[in-house]
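Observations on the three-dimensional arrangement
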Amino acid sequence: MKEAQSTPLVTVIATGGTIASKRGEDGAFKPALTGDDLLSVLPEVDARLRTVNLMSKDSSSLTFADMQSISDAVKRQIADGEVRGVVVMHGTDTMEESALLVHLQNAIEKPVIFTGAQFAADHPCSDGPTNLHHAISLASDAVNAARGVQIAFGGRTVSAWGAYKFSSDKADAFRNARGETTKAKLELSGRVDPVRVDMIAIYPGCDATQIKASVEAGAHGIVLQALGSGNANRVIVEAAQECTSKGLPVIISSRVPDGALSPSYGGGGGGHDLAKAGAIHSRKLRPGQARILLAALLASGADADAIRDAFDETVDEMH
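Residues numbered from 1 in each chain as written. Predicted model: local features only at pLDDT ≥ 70, side-chain atom pairs only at ≥ 80, totals over all residues. Heavy atoms only, no water.

**Some remarks on the side chain of Thr-94**
You can see Thr-94 is positioned in the loop between β5 (83-89) and α4 (95-105). On the accessibility criterion, Thr-94 (12% relative accessible area) is buried. Polar contacts involving the side chain of Thr-94 include one to the main-chain carbonyl oxygen of Ser-59, which spans 2.9 Å. Look past the residues within four positions of Thr-94 in its chain and what remains in contact with it is Ser-59, Leu-62 and Met-67. (Helix = DSSP H or I, 4+ residues; strand = E, 2+ residues; numbered from the N terminus. Buried < 20%, exposed > 50% of the residue type's maximum accessible area, 1.4 Å probe, protein only. Polar contact = N/O pair within 3.5 Å; in protein donor to acceptor, adjacent residues only side chain to side chain. Contact = heavy atoms within 4.5 Å.)

Here is the structure:
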């Protein structure tokens, strides 16, 4: 009895994704396995395991409501005095988004580790069991609580804040645009279910049609996937200024996967001009995570200054 009590209890939350997928008769991979199925083939771990079968979805189909459900499930497990740590099995397409939301909404007093797989459960190179084993080991060690939510993948561990998927076919799929620093806790508890934040890609010669459509659709905020270090064109700058003048926040990220953004370029449509129009540069969070942060800020009633401060990663970093 004492031995069982001394062995850490780790909760594994299953949400679907490639790690739980098998090829169907139509040739397509679809989530088919429960968390219990996946744990049944896991190499031995030094932990007691509790399974929560929350959902079974491809992460590309997740909504804000689904991500909120994942965050709520993590919160419940953190609050359980018996639980040492939490692992979330998740699809890779939007893992960085859900992981950041959990980080933003919860007091991470215990290790919380996201993991998944690049290759399905019935693939000859299936990487799910190895990734899951690694994640459970990390979740069993209380020292990882201080690192916030993490992603364990392909033998690498990265912080959720600033994480991005850099490869669609390599087992070591995730990197972090921010290095090893951890953003100071924002404590954003507002539910993101009712919030709408649209993400719009910028490309050479684009106009403001999509921005106007988002405004008409009732978006509460807009994230622009801009070019280079956060650049667009004159038409986009004018549209951004119209939005910000009405109190609609516009966040500038980039299609470039790595590096800090700097609003340096002018010429009428550069990042400097966007900043003058009131748009806010997300210095290191890429578009998907910038959208999550903006939604969490809006859901928690943040004003324009608080939004600007949250995206300014030149301050409030702890090494």
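**A look at the sheet that holds strand β14 (residues 250-254)**
The four strands are arranged β12-β13-β14-β15 in an open sheet whose pairing can be described as parallel. The open sheet is flanked by β12 (197-201) and β15 (280-281), the only strands paired with a single partner. (Pairing = 2+ DSSP bridges.)

**Digging into the packing of helix α3 (residues 64-79) against α4**
Between α3 and α4, whose axes approach to 9 Å, the crossing angle comes to 50°. In terms of axis orientation, α3 runs oblique to α4. Regarding α3 and α4, the two cross each other, and that crossing is right-handed. Across the interface between the two elements, Met-67, Gln-68, Ile-70, Ser-71, Val-74 and Lys-75 of α3 pack against Glu-97, Ser-98, Leu-101, Val-102 and Gln-105 of α4. Residue composition of the contact of α3 with α4, by class: five nonpolar, four polar and two charged. (Axes fitted to C-alpha atoms, helices over the stretch in contact; angles between N-to-C directions. Parallel < 35°, antiparallel > 145°, perpendicular 65-115°, else oblique. Left-handed = near helix turned anticlockwise from the far one by under 90°. Nonpolar A, V, L, I, M, F, W, Y, C, P; charged D, E, K, R; others polar.)

**Side note on the nonpolar core**
Counting 49 residues, the largest nonpolar core has Val-112, Phe-114, Ile-151, Leu-293 and Phe-311 as its most contacted members. Those elements giving two or more residues to this core turn out to be β1 (9-16), α3, β5, α4, β6 (112-115), β7 (150-153), α9 (287-299) and α10 (304-311). Looking at this core element by element, the count peaks at seven residues for α9. Once residues within four sequence positions are removed from consideration, Leu-293 is found in contact with Leu-100, Leu-104, Trp-161, Leu-186, Leu-188, Leu-285, Ala-310 and Phe-311. Judged by nonpolar contacts, the second largest core, of 21 residues, contains Ala-208, Ile-236, Cys-243 and Val-250. (Core = buried A, V, L, I, M, F, W, Y, C linked by side-chain atoms within 4.5 Å.)

**Remarks on the pairing of strand β13 (residues 221-226)**
In terms of burial, β13 is largely enclosed, as five of its six residues are buried. Sheet topology note: the β12/β13 ladder contains five bridges and is parallel. Bridge assignment links Ile-200 to a residue of β13, and that residue is Leu-224. The parallel pair β12 and β13 is bridged by helix α6 (residues 209-216), and the resulting crossover is right-handed. Sheet analysis places β13 next to β14, joined by five bridges and oriented parallel. Of the residues in β14, the one forming a bridge with Val-223 is Ile-251. In this fold, the crossover linking β13 to β14 by way of helix α7 (residues 234-245) has right-handed handedness. (Right-handed = clockwise from strand over helix to strand, strands pointing away.)

**Quick word on α4**
Counting buried positions over the 11 residues of α4 gives 11, a clear majority of the element. Looking only at α4, the buried set comprises Met-95, Glu-96, Glu-97, Ser-98, Ala-99, Leu-100, Leu-101, Val-102, His-103, Leu-104 and Gln-105.

**So, the sheet that holds strand β8 (residues 156-159)**
With mixed pairing, six strands are arranged side by side in an open sheet as β4-β1-β5-β6-β7-β8. In the strand order of this sheet, the two ends are held by β4 (48-57) and β8, each with one partner. When the angles between neighbouring strand axes are averaged without regard to direction, this sheet yields 25°. Taken together, the four bridges between β7 and β8 define a ladder with antiparallel strand orientation. Paired with Ile-151 across the bridge in β8 is Val-158. The strands that helix α5 (residues 128-139) touches are β1, β4, β5, β6, β7 and β8; relative to β5, the one it contacts most, it runs at about 150°.

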